[in-house]
Structure formats: structure tokens, C-alpha cells
Amino acid sequence: RRRLRDARAGEHRDDAGVDRAAVERIIEEKIAPYFDFNRITRLATGPDWRQASKEQRERLVTAFRRMLVRTYSAAYRGYRDIVIDVKPADVGSGDKDVLVRTTVKLPKNPQPLPIDYSMLLTPEGWKVYDVAVEGVSLVTTYRSSFRERIRTDGIDGLIDFLENGQGATAR
């Protein structure tokens, strides 16, 4: 009965009863501010970024950000009691680029999942510009699929692909 009432109230819950919009809000408010989505999108787009107009670049960043937030909120919705262990980063006084290593312990999974964050010191503070899960780079993974999409459909085709929520299949 509660799920029905929640659905009528406009909430969108998944099969486990988790409010998708609430998880996305938490990611947008608590995690996304520490990511440099402009840099991530530029790196994932690769050399084709230079061919995009200012408007196309803005749309690409917005669409890729939305897609990443949706993708990662869906990944975390399925788990409760996640334990994230952040390893000490080796940062020198003049360093502007660091790697922050973490492990994520998921319930019912004896092996922790290694997730590394490449971070750059910006005027706004430290920002993530790439994430590697078990050694596989988000930027590199998307770069190959973006390159193929741009080759077949152009920059606007990639933007449409991401805006229509299909980009999550690129991973």
C-alpha cells in the first residue's frame, strides 16, 4: 500500500523500493560538486572536442553529466551498507594532479572493489577528472564509444544519443 501511495505522490521507486530521484539528488548535491564534468567530457570526447561549437560543448557536458549521474545512482541504489575505504593520497606541496585510491566493500561480496579517482587542483579546489573501476578508466571507456558515435552520426548525434538516455549502454 505504501508503494502505491508513494507512486501516486510522483515518486519513482525501483524494484527494491528505493526512490530513484532521491538517490540522484544526493549524488548531485553531495558528490557531483567534486567532479570536473567539463574536463571529463572533453577527455572522453577526445580530439573531436575541438570540432564542437560552444553550444555543442555545453550540451555535451550537460547530457554526459546527466547520463553519468543516472548510471551511477542506479549502480548504488541496489546496495545498502556500502563501506568506502579511502587510502591516504601521496600529495606533495606543489602537486596539482593526484590519484586517490579507494576500495568499496559491497554487502555479500568478499572482495573489495578498487576505485581510483584522478584529481586535479583547480581554482575551485580538487576535482575528479577520471574514475577507474578495477583499473578500467571511465574516460577511456567512453572515448572509444564516443569516437564511433561521432564518426557515424557527428557531434549532434552523440549529443542526441546521450540526451535520450542511451549513452549508459556505452559502458
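Residues numbered from 1 in each chain as written. Predicted model: local features only at pLDDT ≥ 70, side-chain atom pairs only at ≥ 80, totals over all residues. Heavy atoms only, no water.

**Points about the overall build of the protein chain**
Our working rule: Helix numbering and strand numbering both begin at the N terminus, where a helix is a DSSP run of H or I of at least 4 residues and a strand a DSSP run of E of at least 2. Here's how the labels work: a residue is buried when its accessible area is under 20% of the maximum for its type, exposed when over 50%, partly exposed in between, all with a 1.4 Å probe on protein chains only. Here, two residues are considered to be in contact whenever any of their heavy atoms come within 4.5 Å of each other. Throughout, the Shrake-Rupley method with a 1.4 Å probe supplies accessible areas, and for residues the shown protein chains are the sole cover considered.
Along its length, the protein chain carries 5 helices and 5 strands. Reading the protein chain from its N end, one meets helices and strands in the order α-α-α-α-β-β-β-β-β-α. Counting over 171 residues, the protein chain shows a buried share of 36%. Partitioning the contacts of the protein chain with sequence separation of at least 6, the portion at a separation of at least 24 is 49%. If you sum the accessible surface of the protein chain, you get close to 10800 Å²; carbon and sulfur atoms cover 49% of it.

**A look at the sheet that holds strand β4 (residues 125-133)**
Basically, it comes down to this: Any two strands between which DSSP finds at least two bridges are classified as paired.
Strand order in this open sheet of 5 strands is β1-β2-β3-β4-β5, and the pairing throughout is antiparallel. The open sheet has two free edges, formed respectively by β1 (83-86) and β5 (136-137), since each of these has just one partner strand. As paired strands, strand β3 (residues 113-122) and β4 are joined by 8 bridges and run antiparallel to one another. Looking across to β4, one finds that L120 is bridged to K127.

**A closer look at the packing of aromatic side chains**
Applied cut-off: Only Phe, Tyr and Trp rings are paired, with Trp represented by its six-membered ring, and only when their centres lie within 6.5 Å; those with planes under 30 degrees apart are stacked, over 60 edge-to-face, the remainder tilted.
Per the stated rule, a full pass over the model turns up 4 aromatic pairs. Between F35 and F37, the ring centres sit 5.9 Å apart and the planes meet at 25 degrees, which makes this aromatic pair stacked. For the pair F35 and F37, a shared accessibility class is recorded, and that class is buried. Ring plane angle 75 degrees and centroid distance 5.1 Å describe the contact between F64 and Y142, whose orientation is recorded as edge-to-face. With a gap of 78 residues between them, F64 in helix α4 (residues 54-77) and Y142 in helix α5 (residues 138-163) connect regions that are remote in the sequence. Summarising the burial analysis for this pair, F64 and Y142 share the class buried.

**With respect to the packing of α4 against α5**
Definition in use: The axes used here are C-alpha line fits, helices contributing only the stretch in contact, and every angle between their N-to-C directions lies in the interval 0 to 180 degrees. Any angle that falls under 35 degrees is termed roughly parallel, while one over 145 is termed roughly antiparallel, one within 65 to 115 roughly perpendicular, and all others oblique. What makes a crossing left-handed is the near helix being turned counterclockwise from the far one by less than a right angle; a clockwise turn instead makes it right-handed. Note that Gly is not counted as nonpolar here; it falls among the polar residues with everything else outside the nonpolar set of Ala, Val, Leu, Ile, Met, Phe, Trp, Tyr, Cys and Pro and the charged set of Asp, Glu, Lys and Arg.
Interaxial distance between α4 and α5 falls to 12 Å at its minimum, and their mutual angle equals 125 degrees. Taken together, the axes of α4 and α5 are oblique relative to one another. The handedness of the crossing between α4 and α5 comes out as right-handed. Here Q56, R59, L60, A63, F64, M67, L68, R70 and Y72 of α4 come into contact with α5, specifically with L138, Y142, F146, I155, D156, L158, I159, D160, L162 and E163. Looking at the contact of α4 with α5, its residues break down into 13 nonpolar, 1 polar and 5 charged.

**Section: the pairing of strand β2 (residues 97-105)**
Each regular strand carries side chains that alternate between the two faces of the sheet. As judged from the 4 bridges shared by β1 and β2, these two strands associate in the antiparallel manner. When the sheet's bridge partners are listed, I84 is paired in β2 with V104. When β2 meets β3, the two strands line up antiparallel, connected through 8 bridges. In the strand pairing of β3, L99 is matched with S118.

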